[in-house]
Every structure is written in C-alpha cells, then in structure tokens.
Amino acid sequence: MASLLYRLGRFAFRRRWWVAGAWLAVLAAALIGALTLSGPTQDAFSIPGTPAQKAADLLAERFPQASADGAAARVVFAAPDGRKLGDAPYKQQIGTAVAALQRVPQIASVNDPFTSGALNDAGTIGFAEASFTVEADALSDAARDALAKVVDEARAGGLTVEVGGDALDAPVEQGFGELIGVAVAAVVLVITFGSLLAAGLPLLTALLGIGIGICGITALSGSVDLSSNTPILALMLGLAVAIDYALLIVSRYRHELAAGHEPQEAAGRAVGTAGSAVVFAGLTVIIALAALTVVGIPFLAQMGLAAAFTVAVAVVIALTLLPALLSFTGRRVAAGRIRRRRPTDPGAVTFGLRWARAVGRRPVTALLVGVIGLGTVALPALDLRLGMPDDSTAAPESTQRKAYDLLSDGFGPGFNGPLIVVVDAAAGTAESAAGQVAEQIGGLGNVDTVSDPVLNQAGDTAILTVVPASGPSDAATQDLVRAIRDTDGRVPGAAVAVTGLTAINLDISAKLGAALAPYLTVVVGLAFILLMLVFRSLLVPITATLGFLLSVAATFGGVVAVFQWGWLADPLGIDQTGPIISFLPVILIGIVFGLAMDYQVFLVTRMREEYVHGTPPREAVIAGFGHGARVVTAAAMIMISVFAGFVLAPNAIIRSIGFALGAAVLFDAVIVRMTIVPAVMTILGKSAWWLPHRLDRILPNVDVEGEQLRHRLHDASADPRAQAPETAAV
C-alpha cells in the first residue's frame, strides 16, 4: 500500500497540470449536472413495509380524493376572552378567511369550522382544515405567501389566528454556521502551520471536494427522491474529513522537507505514509456510513451513501490533487511564516511528549479518570426519549407551536395526535365492519372520541378517527395503538390497521431496534478486520472499539442533557427541548464510529511506525504520540469547529447532528484517543502488537506504517544502479 501510494504521489507531483486539469473538469461536469439534472428534495419520512406506512399506502389507494400526500394547514381561530367564535363579527371574519383560503394557489379543499363541527364545546376555539394538491416540498412561494396573507388579515379583526401543519414550513436551507466553522478551521490551520500558504491548501482541496460531492448529489436528486437533509449531512462530514485528511498529508510533507528530501520525494513519502493512514481512516468512515443501508430505512440509506460519496471524494483528492498542488508550491509551503520562529530542535520536548510521558507514568490513573469521566457524562443517556418532530417540538414563539397549544387547550391533549384506523373489508361490508371495530375501540380505555366511519366509493374501506385522551408522545397513547392493532381479526372478514404520528413513531422505534444489532455487527466487524490489517494486532482493534462505546455513550448523554433536558440550551441557541429525533442514535453510531477510527488510525499508526522501526513498546507509544499529537489535536479542533457551526442551522435535525458530532469528536479525540488509548497501550506493552502466527501468515501486509517503503528507498539510495521504486514496480 505505502509503495503504491508513494508512486501515486510522485506521479501527481510530476504531472501537476494534468491532475489539476482533470479535477477541474470533474468539478465542471458535476456543476453542469447539478444545474441541468437537479430536482426538489423532500422532508417527508417514508418507511416502506411498516404497519403505519402500509395503512397510509392503502389510504392513498382507496381514498385518492383525500390528498393524503398533500401539504396541510390547520388554521386555528381563538376568540378573545369572554367572547365566542359564533358571535356575529367573529363568525363573519372566519367565513371571510375560509373563502380566502379556497382561493389560495394549489389548494385542494378547505373545511369550514362551523359546518364541519370543528369547534370546541365552549365555542371559543375552532379550526379550518386546508389541504393542498402537492406535498409541502413542492408548495410554491405564492401559495405560502397567500396563506400567510389570509392569516394576517384574519388577525386584524381581533381574533387570535395561528397555523399548524407543514404548509408554512420553509424548505431546509443552509445558514451561515458552516461559514463560521470554516473560518475557525482556517485559524486553526494557520496556527498549526504558521503559514498562510500551507493553511490554504487543505481549505482549497476541501472546498473543491465538497463542490464535486454536493453537485453530484444535487444532480442525482432529479432521478431519486432525496431527503432535504441528505446534502447537508454530506456537506458537514465531507468538509470536516477533507480538511483533516489534507492536514495530515501536508504536515507529513513539511516533515519530509525538513528531513532534507527534495519536494518530489517528500510528496511521494508523505502520500506513501500519511496517505496510507488517510486511506484506511477514510475506509472506516465509508464503511460506517454505507452500512446504514442495512437498517432498511430508505432516507437513512440515502444520507449514508451520499455522505460516504463525499468522504470518498475527499480521500481521492487528498491522494492526487493535493500532491499536485504541493508541486506548484514547492518548498514555499514550509516558508512564509506569519511570525519568525526558532528552528525546531529535534530534541525539544513538546506538549505532546510531556502529555504522553505523564500518561505513561500513571497509566492506570489516566485510564480510570478517563473512563469515569466519560461514564459520568453518559449518565443522562439513561433518560433518552425518542420521537419524531411535530408542531409540539417547534419553537415556542412559532405559529405552529401556538396552534398546537391552542388545540390542546380547546380539544384535549390527544387532539393533536389522532389515530387513523383503516378498516379493509369486502365490498359493501365496510360500514358494518367499521361499526363493530369502533365499538371495540371505544371499550379499550384512554379513548376520548371515535368518529363515525368514512367510506370510500367502493364501500370496501372505512376510516375511523380515534382521538386519545393522552398526548401524541405519551406512553398511554402508544399502548392504545398496540391495543387497536390487537383487534385485527376479531371482526370476521375485516382487517384493521393504524397510522398517524404515534403509530409511525412506534414503527420507527421497532424498525431501528430490529436493525441496530445487524448494523453494529456489519460496521464493527468490517472495521475490526480493517484495523487488524492496519495494525497487525488483535488488542488494538478491541481497545479502539471499546473506546468508541465510551465516546458514543458520552455523546448520547450530552445530547440528552442539551436537547432534552435543556442544559446550556440558551447559550447554544436551542429554543425548544423535547424528545430526541428517533433516527438520530443510529446515524450517530455510524458516523461517530467512523470518526473515532479516524483518530485511532492517525495516532496509533505513528506509534506502530516507531515500534516497527525498532523503538521499545513504551517509548514507541510516547514517541508516536509526540509526533502525532499536534496534528491530531489540530484535526480534532477543525472537526469540532465545522460541526459546531451547524448548531446554528435553522433545521432542528441538523442542529442536533452538528452538536452530537462535535461533542463526539471532543470526547473521542481528547479523552479516548489522547488519554485512554496511550494509557492502555502503555499497560499492554509489547502484547499490544500481538497477533497469532497463523493469522499473521494469512493476513496481507498492507505496510501502512511505510516500513517496506523505507527499506526500498534506503536500498535504492545505497545502490545508484537500483531502479527507483515507482519504475521497478511498473
């Protein structure tokens, strides 16, 4: 591996114009594809095969006139204190508003609260249900503006008017947070390298890689229904890893220049050694992301594959375009310092060396402090509650949240989460079957109301709307869903299915719970094999995996404390707390595992390199840590800053993912990889690199530490008649 990458680095260095031109051509092609082939993204979550989704599909088939897939707006009216909506002036205002709603572009139907019975018993709160002909993602700006205008005009008459539903939800947009993250990353790079030129190269290659990745994903949206969060997650991960991978190679290139090598040779050696770590680090991230396809949820698979694509682009750019750019800069990448520094003393004791020696002197203490500290942070995860976003999780000052609260006050907590019961029977028998089902449901308990059945034209399907006495996210409502599903088969010739928000949440939890074990098996199994190849050890991959479990537990604890309990919510700009997004844990497990293995490869590769070159085990840990600590620290700070920038995003899902990934990198890089791992490696000593002889013979030697490359280059320099490594291998 190292020899192959060495030749690749030298080739890209020599053919800089060809390589740079090829990448610009790829960027141009991706940009043209994005401009000509792109389509709209969507916010709807569809999970084929679940009971709730099957019920929704049946509704779409049997009740096409219901616009089940269209956007919805529930316009809620509340009378002033002491007044009722039926009072003449307010009734007239509501009638005017309903008439105006019917003229809104793309509207399908509007229900008048007075004729549809959508008033509470006190007559103080009512609502008009408006449905659209298109999904919320395809709703035009003209339709949204017209809806907002109707609401504003209705408010002018003294009524309290709020709007729930997804019709007013603006499409997901990227804010300025990521720009702040990139700016902080630039500062870290300048401080790390002390050179604007050296700091600019990782940023340049990262922006090019992100441009290619995002444009490619955007072009794909024209033929595939992509979630609106898919390109944002790809941007988040691609930007962070691209900067880190380039940082590692540029740092090694400067090291090789300082060792006296010519620029072309330094580029080859940098790509051959640091590039090997980049390849295997990237592979672990790609495996973790691509394995999201195992979960069986389409939008998660899309997010994983799209992010994996951007990571793969980042790896290839770091191995090819970066050495070509280094050819343009030559030795200047090691010059141009912002302030003069004293020449680096090879024997100088850096902070990394001092830290490694401190951990080496008290490895058991360092291990216990790290484990106990992360365990303490992980404690809030015991209270983890999962759910899907709805109007109850909107910002307190938003019209969606106010509409939700008004309906809860006027109609009861279960009104915002009705259960849609679908009764499928033979033609002409659905009405009687639905009546029997309604009677059974009414006797279950925790039921506020059961509507009269609504039949389709064929008379073979009926809809019952069940309003629970408890809220949508309450455990009692979930129990009610299970109880209604248990009634299936009790009425001869009729099948009973349930959909709705609570039913969907139940199915998502069940789907994720069933998929988590095989997902972890695939991710951890493949990554374990990969790490065993890299380090030729059994214990190092095991310690890496155990460290990941600590990191992800602490990450869940931090997410619960901030987004569920509200700790530090104000400083972080979190305006609403509540249950954690249902699919967030499985996304975090995959991404955090990949990033954790990144730092494991970056740091432990240098330790193994020292050990393979003859350094005793304990000193190899200290020396390897001393060499890699500065770069790993900078890489972690860059990732944290990039992820933290997304905490400022307007989308709640992106905010929670950005915070979680930033916290995960902090816990994993600083505590696990830079404290617990060197402590464990010191305790294990030589046994850390133990591999059974039979397994040692079977496994291929990928030479990630560059030992074979070093010997070949040494032999070539000792014998002038010997062929250069890249020529001999052709």
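The structure presented is a predicted model; accordingly, all values stated were derived computationally and were not measured.

A closer look at a nonpolar patch on the surface
Judged by side-chain polarity, Val 364, Leu 368, Ile 372 and Ile 683 come together as a nonpolar surface patch covering roughly 380 Å² of accessible area. Of the residues forming the nonpolar patch, the biggest block, 3 residues, is contributed by helix α12 (residues 363-378).

With respect to the pattern of salt bridges
Under the definition given, this model contains 16 salt bridges. For the salt bridge of Glu 61 with Arg 62, the shortest nitrogen-to-oxygen distance reads 3.9 Å. Look at Glu 61 and you get exposed, because its relative accessible area is 57%. Measuring nitrogen to oxygen at the nearest pair gives 3.4 Å for the salt bridge that ties Glu 262 to Arg 331. Taken together, the residues Glu 262 in the loop between α8 (230-258) and α9 (263-290) and Arg 331 in the loop between α10 (298-329) and α11 (351-361) connect sequence positions 69 residues apart. What makes Arg 331 partly exposed here is its relative accessible area of 42%. Through salt bridges that share partners, Glu 61, Arg 62, Asp 424 and Asp 460 make up one connected network.

Examining the packing of helix α2 (residues 16-37) against helix α7 (residues 196-220)
Two elements in contact, α2 and α7, have axes whose closest approach is 8 Å; the angle formed by their N-to-C orientations is 30 degrees. Here the hand of the crossing between α2 and α7 comes out left-handed. Across the interface between the two elements, Trp 23, Val 26, Leu 27, Ala 30, Leu 31, Gly 33, Ala 34 and Leu 37 from α2 touch Leu 208, Gly 211, Ile 212, Cys 215, Gly 216, Thr 218 and Ala 219 from α7. Grouping the amino acids of the contact of α2 with α7 by side-chain chemistry returns 11 nonpolar, 4 polar and no charged.

Examining the sheet that holds strand β3 (residues 125-132)
Read from one edge to the other, the open sheet built from 4 strands follows the order β2-β3-β1-β4, with strand pairing classed as antiparallel. One side of each edge strand has no neighbouring strand; the edge strands of this open sheet are β2 (107-110) and β4 (160-165). Here the average twist between neighbouring strands, direction ignored, is 25 degrees. Here helix α5 (residues 141-155) sits on the sheet in contact with β1 (72-78) and β4, set at roughly 155 degrees to β4.

Examining the nonpolar core
Membership of the largest hydrophobic core comes to 159 residues, with the highest contact counts inside it found for Tyr 245 and Leu 300. Element by element, the count of residues in this core is highest for α8, at 19 residues. In contact with Leu 300, other than residues within four places in its own chain, are Leu 292, Val 295, Leu 512, Phe 583, Val 586 and Ile 587.

Criteria and thresholds
Residues numbered from 1 in each chain as written. Predicted model: local features only at pLDDT ≥ 70, side-chain atom pairs only at ≥ 80, totals over all residues. Heavy atoms only, no water. Patch = residues over 30% accessible without salt bridge, like charges linked within 9 Å, V, L, I, M, F, W, Y side chains within 5 Å. Areas by Shrake-Rupley, 256 points an atom, 1.4 Å probe, with all protein chains shown as cover. Salt bridge = Lys/Arg side-chain N within 4 Å of Asp/Glu carboxyl O. Helix = DSSP H or I, 4+ residues; strand = E, 2+ residues; numbered from the N terminus. Buried < 20%, exposed > 50% of the residue type's maximum accessible area, 1.4 Å probe, protein only. Axes fitted to C-alpha atoms, helices over the stretch in contact; angles between N-to-C directions. Left-handed = near helix turned anticlockwise from the far one by under 90°. Contact = heavy atoms within 4.5 Å. Nonpolar A, V, L, I, M, F, W, Y, C, P; charged D, E, K, R; others polar. Pairing = 2+ DSSP bridges. Core = buried A, V, L, I, M, F, W, Y, C linked by side-chain atoms within 4.5 Å.

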